[in-house]
Amino acid sequence: MKKTILLVDDNPDITLTIKGLLEGEREDFKVVIAESGEECLELLNKDILPDAILLDIMLPGIDGLETSECIRKNDKFSKIPILFITARNDQFIMEQGRFLGDDFIEKPFEIDDVIIRIERAIEKLAS
Amino acid sequence: MSDVPDIINELRAEERQGLLNGGSGGLCHQIETSNTVLQRGINKNVILRSELLSSLLKNIPDSIYFKDKDGRFIEVSDAKIQHLNTDRESILGKTDFDFYSQKEAEKMCIDEKYVMERGEVIQKEEKITRPNGEIAWVSVVKTPRHDNQGNVVGIIGISRDVTNQKKYEIALHESEEKYRTIFENSAIAIMTTDEHENILSWNSYTEKLLGLNREDLFMKPVHTLYPPTEWEKIRAQDIRQKGMQHHLETKIIKKNDKLIDVDISLSVLKNHEGKVIGSIGVISDITENKIKDEKLKEAQQILIMVNKALEEKVKERTKEIENLLKQKDEFIYQLGHDLKTPLTPLNSLLPVVRKKEQNEESKKYLDLAIKNVEYMKNLVQKTLKLASLNSTSFKLDLEVINCWQIIENVIGNMSSMLDGKNIEIKNLVKKDTFIKVDKLRFEELIDNMINNAVKFSYDEGKIEIKSETEHNIIKFSIADNGCGISKEESEKIFDEFYKADKSRHDVNSSGLGLSICKKIVEKHDGHIWAESAGLGKGSTFYFTFRITENEGKK
């Protein structure tokens, strides 16, 4: 069974890159794209429940941290692993990200590293 | 001829004889026996006068001399004998020319001629040089001598030594002259008053200071010079009781009723009986001092104001600069982050494309692109790191760590990245070295330092990491046997964006590694520096950390 990854980022270059690389490297990965926090929550509410969420922090509208808070509040999908992706490495954001999310990926990243982190998060949930 | 001196001579001879015969009575007896009774009364009178004269000549301290018409000494007093420094016999019959210098004798001769020709008495004070060379002042009286017929037959001279008196007079005169000069030429006003407080005398500067002349001052009550309130102040000092008073600041009335500020010193003048006979005042004009004081105060005020304004400006500027620096940090930070996103596709996709590419030439170009993207990524990361270390919100996350272990880990992670060089890295830090630091920063520091050492090592290199503890300081050293650094360079290498070789377009170096190291060390209140024996002789980098007693060794 394919693993669905919900990728939330407003930058089409980034989403194209990540989607292309992940699906290119791993045939069992299917990447679904949301361009904002709102769209992400909308999809989740439509019962499109992914195995993991890659969440950008700097988003238009509600930002990544706020989006993650909303995800955690809803029992239906609160357990889905969240991996923050961000260009910012401010201490505050990193702390918040670590606190609310399951992992933290800093741009620019090595795709192998991203895959390892996604798998690790999914495995952790399963165990 | 019945000259008196002749009589005296005869009498003297008789006297001497009488003395030889046993006492003064002998003289009378002989005269009595050789003269008639009639003559006795006259003789008695003559004898008395002779005795008187004889005693006078013998005892008087003045030089007395009798001279004949030709200036020859007929009789002299003992004092004269003494002054001529010889005996009586050697004097009689001689003239002044035998004893005094030509010039001196001529002078005397002229005077005596005058006396004899005119028959007048001369009285004068003169300076003479005695036969023994002594200079003396003498008061001389020369009178003509007459015979029974009233003819001038010589002179009688009486000369009194007034040298000492003259000396005092001269000294007094000089002293007076001196004081008068001081008094007159002083650039301060000096004024004396009598016992009734009327102005008695003053020096010329007084007139200049007050703009007043003699008529305005002489015998005027001194209080008219002062405003009534000031005069009361002066009177309150009670000078006439106390004797003196120094530096009394007051005001004095100048010409046209203008007031000037003065400093007065007053003293009481007393006579030899201690009775107050007046007072003396020394007055100096302090108007200019006062003006200077005022100006000085004004200048000080201005200075204080200027200072304050400057301080304000400096504060303002400092704030501006701080703001600018903050803006700079924020800008760098923002730029760094903004670069990270576009770097992501490049960084991730290029290796994928490179993997799939078959064309050898394209592969070469892709390798080049990948290398430069790597460099850019490195630069962005380092820049952001430095910016975050510089930011005011930066805080250290302190924890106690095992240094040896951390260094081991760092070396372990980098073995594959030694620039393709065969370099031996030795961790000689003691295994039980613990310090309290920000672990991530410390790792970064060690990583940067070793990377730096590797970068400047030759193909066969050796790097040694050591530490030593002294008091509450732990000093780490990272020594390489690489290309070394010059002294000038060693001071610059920690500057931001400094590159040892600017012409070298080094894609492996951001020029920020050592700046980051410096920041990390400084954030921990430590020091960092580099030493090198010179180019080609390797270099050693040092950095220190503070440790508490519980740390260091556990």
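Residues numbered from 1 in each chain as written. Chains lettered and ligands numbered in written order. Predicted model: local features only at pLDDT ≥ 70, side-chain atom pairs only at ≥ 80, totals over all residues. Heavy atoms only, no water.

Novice: Would you mind showing me how to read the sheet that holds strand 1 (residues 63-68) of chain B here?
Specialist: In a beta sheet, neighbouring strands pair by backbone hydrogen bonds and run either parallel or antiparallel. Residue and element names in this part refer to chain B. Read across the open sheet, the 5 strands follow the order 2-1-5-4-3; overall the sheet is antiparallel. Of all strands in the sheet, those with a lone pairing partner are strand 2 (73-76) and strand 3 (122-129), marking the two edges. Across the sheet, the mean angle from the axis of one strand to that of its neighbour is 25 degrees, orientation sign disregarded. Relative to strand 2, strand 1 runs antiparallel, the two being bridged by 3 bridges. By the bridge assignment for strand 2, Y65 is matched with V76. (Pairing = 2+ DSSP bridges. Helix = DSSP H or I, 4+ residues; strand = E, 2+ residues; numbered from the N terminus. Axes fitted to C-alpha atoms, helices over the stretch in contact; angles between N-to-C directions.)

Novice: Looking at this structure, how should I read a nonpolar patch on the surface?
Specialist: All names here are of chain B. Nonpolar side chains collect at one region of the surface, where F331, L335, L339 and M376 lie side by side and expose about 360 Å² of accessible area between them. When residues in the nonpolar patch are grouped by element, the largest group, 3 residues, is from helix 12 (residues 287-356). Structurally, F331 can be placed in helix 12. (Patch = residues over 30% accessible without salt bridge, like charges linked within 9 Å, V, L, I, M, F, W, Y side chains within 5 Å. Areas by Shrake-Rupley, 256 points an atom, 1.4 Å probe, with all protein chains shown as cover. Salt bridge = Lys/Arg side-chain N within 4 Å of Asp/Glu carboxyl O.)

Novice: In this structure, what is going on with helix 3 (residues 64-73) of chain A? I would like to understand it.
Specialist: Owing to its 3.6 residues per turn, the α-helix brings residues three or four apart onto one side. All names here are of chain A. Turning to helix 3, its buried residues number three or more, namely G64, L65, T67, S68 and I71. When helix 3 is viewed along its axis, its buried side chains cluster within an angular range of 160 degrees and face the same direction. Capping the start of helix 3 is the job of one residue whose side-chain oxygen sits 3.2 Å from the backbone nitrogen of L65: D63. (Buried < 20%, exposed > 50% of the residue type's maximum accessible area, 1.4 Å probe, protein only. Arc of directions from axis to C-beta. Polar contact = N/O pair within 3.5 Å; in protein donor to acceptor, adjacent residues only side chain to side chain.)

Novice: For this particular structure, what's the right way to read the interface of chain B and chain A?
Specialist: Frequently, the measure chosen for interface size is the accessible area that the parts lose on association. At the interface, 16 residues of chain B touch 16 residues of chain A. Summed over both partners, the interface of chain B with chain A comes to about 1500 Å²; 53% of that surface belongs to carbon and sulfur atoms. Among the residues of chain B in contact with chain A, K340, T341 and T344 of chain B are the three that bury the most area, contributing 31% of the side total. On inspection of chain B and its partner chain A, the count reaches 2 salt bridges. Residues E106 of chain A and K340 of chain B are paired through a salt bridge, measuring 2.7 Å at the closest nitrogen-oxygen approach. Joining chain B to chain A, the criterion identifies 6 residue pairs in polar contact (both at pLDDT 80 or more). Listing elements by their share of the side of chain B that touches chain A, those giving two or more residues are helix 12 and helix 13 (360-390) of chain B. (Contact = heavy atoms within 4.5 Å. Buried area = accessible area lost by both parts, 1.4 Å probe.)

Novice: Sorry if this is basic, but what is going on with the pattern of salt bridges here?
Specialist: Close approach of charged atoms allows side chains with opposite charge to pair. Enumeration over the complete set of coordinates arrives at 42 salt bridges over all chains. For D103 of chain A, the salt bridge identified is with R117 of chain A, shortest N-O distance 2.9 Å. Separated by 14 residues along the polypeptide, D103 of chain A in strand 5 (residues 103-106) and R117 of chain A in helix 5 (residues 111-126) bring together distant segments of the chain. Taking the shortest distance from any N to any O, the salt bridge between R130 of chain B and D161 of chain B comes out at 3.3 Å.

Novice: What is the right way to read the confidence of the model for chain B from this model?
Specialist: Note: predicted coordinates in regions of low pLDDT should not be interpreted at a detailed level. All names here are of chain B. Chain-level pLDDT for chain B is 84 on average; 89% of the residues reach the 70-or-more range. Below a pLDDT of 50 lies the segment residues 18-28, which in the model reaches 5 contacts outside its immediate sequence neighbourhood of four places, other chains included. This complex was scored by the predictor with a pTM of 0.49 and an ipTM of 0.78. (pLDDT = per-residue confidence, 0-100.)

Novice: I'm lost on helix 12 of chain B in this one. Help?
Specialist: The terminal C-alpha atoms of helix 12 of chain B, which comprises 70 residues, lie 101 Å apart, in line with the 104 Å expected from a rise of 1.5 Å per residue. Largest kink in helix 12 of chain B: about 40 degrees, centred on L343 of chain B, with the proline P345 of chain B one to four residues after it. (Expected span 1.5 Å × (residues − 1). Bend = angle between axes of the 7 residues up to and from the residue.)

Novice: What should I look at first to understand the sheet that holds strand 5 of chain A in this one?
Specialist: All names here are of chain A. Spatial ordering of the open sheet is given by 2-1-3-4-5, a layout of 5 strands whose pairing is parallel. This sheet does not close on itself; its edge strands, each paired only once, are strand 2 (29-34) and strand 5. Strand-to-strand twist in this sheet, taken as the mean axis angle between neighbours without regard to direction, amounts to 20 degrees. Taken together, the 4 bridges between strand 4 (residues 82-86) and strand 5 define a ladder with parallel strand orientation. What sits directly across from F84, in strand 5, is F104. Here helix 1 (residues 12-25) sits on the sheet and contacts strand 1 (3-8), strand 2, strand 3 (52-56) and strand 4; the angle it forms with strand 2, its principal contact strand, is near 170 degrees.

Novice: What should I look at first to understand the nonpolar core in this one?
Specialist: All names here are of chain B. Core analysis: the biggest nonpolar cluster contains 44 residues, and I435, F442, F476 and F543 have the highest contact counts within it. Those residues in contact with F442, other than ones at most four positions away along the chain, are I401, C403, I406, I435, V437, F476, F543 and F545. In terms of nonpolar packing, the next biggest core, distinct from the first, is built from 22 residues, L217, W231, I234 and L248 among them. (Core = buried A, V, L, I, M, F, W, Y, C linked by side-chain atoms within 4.5 Å.)

Novice: Looking at this model, I keep getting lost on the side chain of E197 of chain B. Mind explaining?
Specialist: All names here are of chain B. Within the secondary structure, E197 sits in the loop between strand 6 (189-194) and strand 7 (199-202). Here R235 takes part through its side chain, which lies 3.3 Å from a polar atom of the side chain of E197. Discounting residues that sit within four places of it in the chain, E197 has contacts with K220, P221, V222, W231, R235 and R240.

Novice: Mind showing me how you'd approach the pairing of strand 2 of chain A here?
Specialist: Regular strands place side chains that alternate from one sheet face to the opposite one. All names here are of chain A. Two elements, strand 1 and strand 2, share 6 bridges in a ladder whose sense is parallel. Note that in strand 2 the partner of L6 across the bridge is V32. Of the crossover connections in this fold, the one passing from strand 1 over helix 1 to the parallel strand 2 is right-handed. (Right-handed = clockwise from strand over helix to strand, strands pointing away.)

Novice: What is the right way to look at the packing of helix 12 of chain B against helix 13 of chain B in this model?
Specialist: In a packed pair of helices, the relevant descriptors are the angle between the two axes and the axis-to-axis distance. Residue and element names in this part refer to chain B. Running from N to C, helix 12 and helix 13 point in directions that differ by 155 degrees, and their axes come no closer than 9 Å. When the axis of helix 12 is compared with that of helix 13, the two are roughly antiparallel. With respect to the hand of their crossing, helix 12 and helix 13 are arranged in left-handed fashion. (Parallel < 35°, antiparallel > 145°, perpendicular 65-115°, else oblique. Left-handed = near helix turned anticlockwise from the far one by under 90°.)

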